[in-house]
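One letter stands for each residue in the lines below.
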Amino acid sequence: MFGTYIRSGEWLVYPFFEHYRDRNFEYKPEELGYAGDQDFRGRYRANEALLFVGYGLNERVAIEFEAAVIGAKLDKSVADPSGLPTRLEQSGLGDIEGQVRWRWQRETEEQPELFSYTEVVVPHNERLGLIGTPGWQLKFGVGAVRGFQWGTLTARAAVDYDEASESHFDLGEYAVEYLRRLSPKWRVFAGVEGASDEISLIGEIQWHVSPRAFVRINNGIGLTSKATDWAPEVGVVLSFGGR
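Structure report, in brief.

Here is what the cut-offs are and how they apply
- Residues numbered from 1 in each chain as written.
- Predicted model: local features only at pLDDT ≥ 70, side-chain atom pairs only at ≥ 80, totals over all residues.
- Heavy atoms only, no water.
- Pairing = 2+ DSSP bridges.
- Helix = DSSP H or I, 4+ residues; strand = E, 2+ residues; numbered from the N terminus.
- Axes fitted to C-alpha atoms, helices over the stretch in contact; angles between N-to-C directions.
- Patch = residues over 30% accessible without salt bridge, like charges linked within 9 Å, V, L, I, M, F, W, Y side chains within 5 Å.
- Areas by Shrake-Rupley, 256 points an atom, 1.4 Å probe, with all protein chains shown as cover.
- Salt bridge = Lys/Arg side-chain N within 4 Å of Asp/Glu carboxyl O.
- Lys, Arg positive; Asp, Glu negative; His and termini not counted.
- Charge placed at Lys NZ, Arg CZ, Asp CG, Glu CD.
- Core = buried A, V, L, I, M, F, W, Y, C linked by side-chain atoms within 4.5 Å.
- Buried < 20%, exposed > 50% of the residue type's maximum accessible area, 1.4 Å probe, protein only.
- Contact = heavy atoms within 4.5 Å.

With respect to the sheet that holds strand E12 (residues 230-241)
Then step 1. Around the barrel, which closes on itself, the 12 strands sit in the order E1-E2-E3-E4-E5-E6-E7-E8-E9-E10-E11-E12 with antiparallel pairing between neighbours. Direction aside, the axes of adjacent strands within the sheet are offset by 20° on average.

Below you can see the structure in the form of structure tokens.
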């Protein structure tokens with residue numbers, strides 16, 4: 001979760017909403033249950049309600065869990081001759097995933113903080129190609145964090161395993177992130193995140209209404225044609241416990 005940190009013994013609970021708009025969404029009819037292995041570009045819209053829960057096991061290890069409910073629709077390309085309906089709509093359970101993060105090294109005056117993470121996405125709704133996950137997905141990543149007077153920089157990269165893909169292993173997500181605390185109540189975030197040739201620019205404002213709650217408002221803008229054009233998000237992070 002961008003620009004968010006967790007302490008030992010702390011619980012973070014984050015209910016949030018995300019909307020997606022993409023005028024050139026890439027798809028294959030066979031991935032959606034219809035004949036045809038050619039790539040086409042359609043018009044995609046979706047609304048997703050999600051719940052994120054994180055817990056700091058100790059000063060080095062944190063775990064997180066996330067689940068979603070989503071409603072999505074795809075208007076197929078006019079060049080698509082397959083039996084795919086002109087508009088395909090699906091709704092139900094979205095991604096179910098969990099992650100473990102390990103801090104290998106604390107930040108010092110000479111060295112950045114180093115961490116690694118492992119993520120698991122559970123297969124579900126295999127027959128609903130627009131919203132389902134047809135096979136196990138794993139992610140193995142590493143990252144570094146360094147604070148400066150003008151803000152905090154984070155860089156990370158991962159390798160993905162997808163049981164349902166032909167190659168199975170591929171270059172996963174990569175990102176460079178910047179976080180700046182403007183005051184006790186306000187923080188701003190900016191980052192560039194990608195996976196393969198899908199690259200997005202993300203901006204975020206955080207309003208810390210109390211020591212135990214803050215509002216996150218962000219938006220992702222696609223920088224490449226295969227990235228989602230527009231993906232705004234809003235939610236409230238609630239903190240419990242911690243020491």
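Digging into unusual backbone geometry
Then step 1. Backbone geometry at Asn 125 places phi at a positive 45°, although glycine is not the residue there.
Then step 2. Structurally, Asn 125 can be placed in the loop between strand E5 (113-121) and strand E6 (137-148).
Then step 3. Residues other than glycine seldom take positive phi values, yet Ser 196 does so here, at roughly 60°.
Then step 4. Looking at the secondary structure, you find Ser 196 in the loop between strand E9 (186-195) and strand E10 (198-210).

Details of a negative patch on the surface
Then step 1. Negative charge collects at one region of the surface, where Glu 30, Glu 31, Asp 37 and Glu 166 lie side by side.
Then step 2. Looking at the secondary structure, you find Glu 30 in the loop between strand E1 (10-27) and strand E2 (40-56).

Side note on the nonpolar core
Then step 1. By size, the foremost hydrophobic cluster in this structure holds 14 residues, and its most contacted members are Tyr 27, Leu 32, Tyr 44, Ala 46, Ala 72, Leu 74 and Leu 130.
Then step 2. Residues in contact with Leu 130, not counting those within four places in the same chain, are Phe 25, Leu 32, Tyr 44, Ala 72, Lys 73, Leu 74, Leu 88 and Gln 90.
Then step 3. Listed in part, the 8 residues of the second largest apolar core include Leu 12, Tyr 14, Phe 16 and Ala 68.

Quick look at the environment of Leu 51
Then step 1. Tracing the backbone through its elements, the reader meets Leu 51 in strand E2.
Then step 2. The spatial distance from the C-alpha of Leu 51 to the C-alpha of Glu 66 is 5.6 Å, given a sequence separation of 15 residues.
Then step 3. Apart from the residues lying within four places of it in its own chain, the contact partners of Leu 51 are Val 13, Tyr 14, Pro 15, Phe 65, Glu 66 and Ala 67.

A look at a nonpolar patch on the surface
Then step 1. Together, Leu 182, Trp 186, Ile 205, Trp 207 and Val 209 make up a nonpolar patch on the protein surface, roughly 490 Å² of accessible area in all.
Then step 2. The element that contributes the greatest number of residues to the nonpolar patch is E10, accounting for 3 residues.

Considerations on the pairing of strand E8 (residues 169-181)
Then step 1. Pairing geometry for strand E7 (residues 151-162) and E8, over 9 bridges, is antiparallel. Bridge pairing in E8 links Thr 152 to Leu 179.
Then step 2. With antiparallel pairing between neighbouring strands as the criterion, E7 and E8 make up a hairpin whose turn holds 6 residues, including His 168 at a positive phi of roughly 70°.
Then step 3. Relative to E9, E8 is paired through 9 bridges, and the arrangement is antiparallel. Bridging from a neighbouring strand, Glu 177 pairs with Gly 191 of E9.
Then step 4. Linking E8 to E9, which pair antiparallel, is a turn of 4 residues.

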